[in-house]
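A look at the structure
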Amino acid sequence: MFRKILIANRGEIAVRVIRACRELGVRTVVVYSTEDRDSAAVRMADESVHIGPAAAKRSYLNVPAIMEAAFRTGADAVHPGYGFLSEDADFAEVCHANGIVFIGPPPEVLEGLGDKAAARALMAQAGLLVLPGSQEPVDTAREAELLVDGIGLPVIIKAVAGGGGRGMRIVRERADLIDAFRQIRATAQMLFGDNRVYLERYLEHARHVEVQVLCDSHGNAVHLGERDCTVQRRHQKLIEEAPAPGLPASVSVTMCQAAVRGALAVGYVGAGTFEFLVDRDGRFYFMEVNGRIQVEHPVTEMVTGIDLVAEQLHIASGRPITVRQQNVRPTGTAIECRINAENPNRDFVPTPGRLTEFIPAGGPFVRVDTFVSAGARVSPSYDSLIAKLIVWAPDRERAIARMVRALDEFHVSGPNIHTTINFLREVLQCREFRESSHDTGLVDQLFVERRQLTSG
Amino acid sequence: MMNGFRPHQYSADLEAVRQSLSRLIEDIPIKPRAVRVRAGKVAIELEWDPAEHVVRTPDQAVAVDERLRQEPVATATESTAESKRHLRAPAVGVFYRRSAPGAKPFVIEGDIVEPGQQVGLVEAMKIMIPVETEERIRVVEILKPDGESVEYDEPLMVVELVDVAQTAEECQEI
């Protein structure tokens, strides 16, 4: 096991990694920006290094600064969390070249999977079903038109370098295609410095289901079951749960096996997630691989009893996975709600500011992963996630009741601060979610219904 | 304290400075904690312990101030806290005071530095990030030794703002 780990991240995930390290007896170093100098992670870590100003480009994305921090503290591994440099092949390479273990997949695997068009092709080769679409990035509007003639509408245009729900757009009318194509190329260039895009058929009324895998460097791979992340706004997840409700057991089994097959095919090492879209007939299509720990990993931890961050550390230190597939037995239902400082009534615009009140939920089978407390400031420089509320119950109905109860207990306020709490409660209580008949359009649909209610 | 002073280049200056300095020291009732000498455009800097300012009698304080006003050779730096500030590390890395081992330092204590002039560098992963000043300053104290590991925004030097008009006047007097 490692002696000292540097955490190249902030917020709740930095705290999550520190907790795992503490339990394993591993010392921790966090790097922080000026904005985060009073953060929970800085307080909890054994050491901390100030690496730059608020702007992520100069702090949490600043590779030389993070490497310097690793050298000066003598860290033997780096945990990148999620976002920031977590899937950056170059950063992983720099770590290796400097004798520091990158806790994540090998650089060449990240490189291969980071190109979403290439990942699709790799997984199709491994026998996974992919949605009809372009084999290669689409460079001209004419090519896009020809493709649409072949695969039909609607289509989704996605940035090859995209991620985190950014850099994608759905096209339902042929007349919109060329405009959308140009616009998403420009957006991709701006966001990722790479204007390449690809097209695939867009599935209406689909469920977003993903499979958690663990692979070690000895060729062992297991899956820890699936998570349903269908409740999204602007392609970003709001509620996640395990297991996927209403998914036939046979579909779940074949999907999980497909993910393991895909992981082995690309030489995956570490904790990873295979994302699929599932249509109403139970057909599932590969979308992408997330080569990192994910925000929603706690739901899998709650149903399997496996500490995913601890497993990441074991795998990165070269040990074989101790968990056997037959011993992975997901039990009950876990649900996670993302409590974001944003205003659902204004298209989820972030509402940074000072928290005058922060009272988290508690009680049996309730877990809160957060990094804020009353008096803390939600920074406009980073994402709006302030807490993850996770509950477990023996079945889905009781898990929903427990989550509603926990949301009732959760109080967050401050000047200018809005949160997703009330909206999350509304989703949990709506008929579609309770019956698990919802699809990725649920959030938009709720807003349409609201408008109809207020105008009628 | 004759940091970086090279007598073989400035022997004439040195002799002049040495004489002025010994005259000056003799005339001062409270001996300074530090004396800084610069040979280039000739600057002498005296520094007293802040504690001494507190304990000395008002008479002595007046005496010191008057002596200094009468003494045209010296530039006293009884700077107030407001005019002093820190030059801070632009990045996490290793702080260097010179461009290469064996080279002369970018600055030494007492130097007056023009806006945009380099006063040090921070090396992060073989990338050299210059430490520069945006204002006309005097280097009062260098806080980090050569080769010291520093964090982003860590104070490297105590400096004070130097008024352009004021220094021009001083140069004429010298």
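The rules behind these values
Residues numbered from 1 in each chain as written. Chains lettered and ligands numbered in written order. Predicted model: local features only at pLDDT ≥ 70, side-chain atom pairs only at ≥ 80, totals over all residues. Heavy atoms only, no water. 1 Å grid on protein atoms, 1.4 Å probe; cavity = no way out; pocket = protein on both sides within 12 Å on 5 of 7 lines; lining within 4 Å. Points joined across faces, edges and corners; volume = space filled by probe spheres on them. Helix = DSSP H or I, 4+ residues; strand = E, 2+ residues; numbered from the N terminus. Nonpolar A, V, L, I, M, F, W, Y, C, P; charged D, E, K, R; others polar. Contact = heavy atoms within 4.5 Å. Buried area = accessible area lost by both parts, 1.4 Å probe. Salt bridge = Lys/Arg side-chain N within 4 Å of Asp/Glu carboxyl O. Polar contact = N/O pair within 3.5 Å; in protein donor to acceptor, adjacent residues only side chain to side chain. Pairing = 2+ DSSP bridges. Buried < 20%, exposed > 50% of the residue type's maximum accessible area, 1.4 Å probe, protein only.

**Notes on empty space enclosed by the protein**
Residue and element names in this part refer to chain A. Applying the stated criterion across every chain yields a total of five cavities of 30 Å³ or more. The space that makes up the largest cavity amounts to roughly 50 Å³. Forming the walls of the largest cavity are Arg10, Phe371, Val372, Arg377, Val378, Ser379, Asp383, Leu385 and Ile386. When contributions to the lining of the largest cavity are tallied by element, the ones reaching two or more residues are strand 20 (377–378) and strand 21 (385–393). Classifying every residue of the lining of the largest cavity gives five nonpolar, one polar and three charged. Here the second largest cavity defines a volume of roughly 50 Å³. Around the second largest cavity sit Lys116, Lys158, Ala159, Gly162, Gly163, Arg166, Gly167, Met168, Tyr198 and Glu288, which together line it. Listed by contribution, the elements that provide at least two residues to the lining of the second largest cavity are strand 6 (155–163) and strand 7 (166–171). If one sorts the elements of the lining of the second largest cavity by residue count, strand 6 sits on top with four residues.

**A word on the interface of chain B and chain A**
In this complex, chain B contributes 13 residues to the contact, which on the side of chain A involves 18 residues. Between chain B and chain A, roughly 1,100 Å² of surface is buried when both sides are summed, and carbon and sulfur atoms account for 58% of that area. When the buried surface of chain B facing chain A is broken down by residue, Val92, Met125 and Tyr152 of chain B rank first, second and third, together holding 57% of it. At the junction of chain B and chain A, the tally comes to one salt bridge. One salt bridge in this structure joins Glu151 of chain B and Arg72 of chain A, with 3.8 Å as the shortest N-O distance. Put simply, chain B and chain A have five residue pairs in polar contact (both at pLDDT 80 or more) between them. The set of elements that each furnish at least two residues to the side of chain B that touches chain A consists of strand 5 (93–96), strand 7 (118–124) and strand 10 (148–150) of chain B. Here the side of chain B that touches chain A is composed, by residue class, of eight nonpolar, two polar and three charged.

**A short note on the sheet that holds strand 11 (residues 155–161) of chain B**
All names here are of chain B. Strand order across the open sheet formed by four strands is 4-11-9-6, with antiparallel pairing between neighbours. Each of the sheet's edge strands pairs with one partner strand only, and the pair in question is strand 4 (84–88) and strand 6 (112–113). Strand direction decides the pairing type here: strand 6 and strand 9 (residues 137–142), joined by two bridges, are antiparallel. Within strand 9, the position partnered with Ile112 by the bridge is Arg138.

**Notes on the pairing of strand 12 (residues 270–278) of chain A**
Remember that side chains alternate between the two faces of the sheet whenever the strand is regular. All names here are of chain A. Burial of strand 12 is extensive: nine of the nine residues sit out of reach of the surface. Bridging between strand 9 (residues 207–215) and strand 12 involves nine bridges; their strand directions are antiparallel. Across the sheet, residue Leu214 finds its bridge partner in strand 12, namely Ala271. When strand 12 meets strand 13 (residues 284–290), the two strands line up antiparallel, connected through six bridges. The partner of Thr273 across the bridge, within strand 13, is Asn290. Where strand 12 hands over to strand 13, the hairpin turn is made up of five residues, of which Gly282 adopts a positive phi near 80°.

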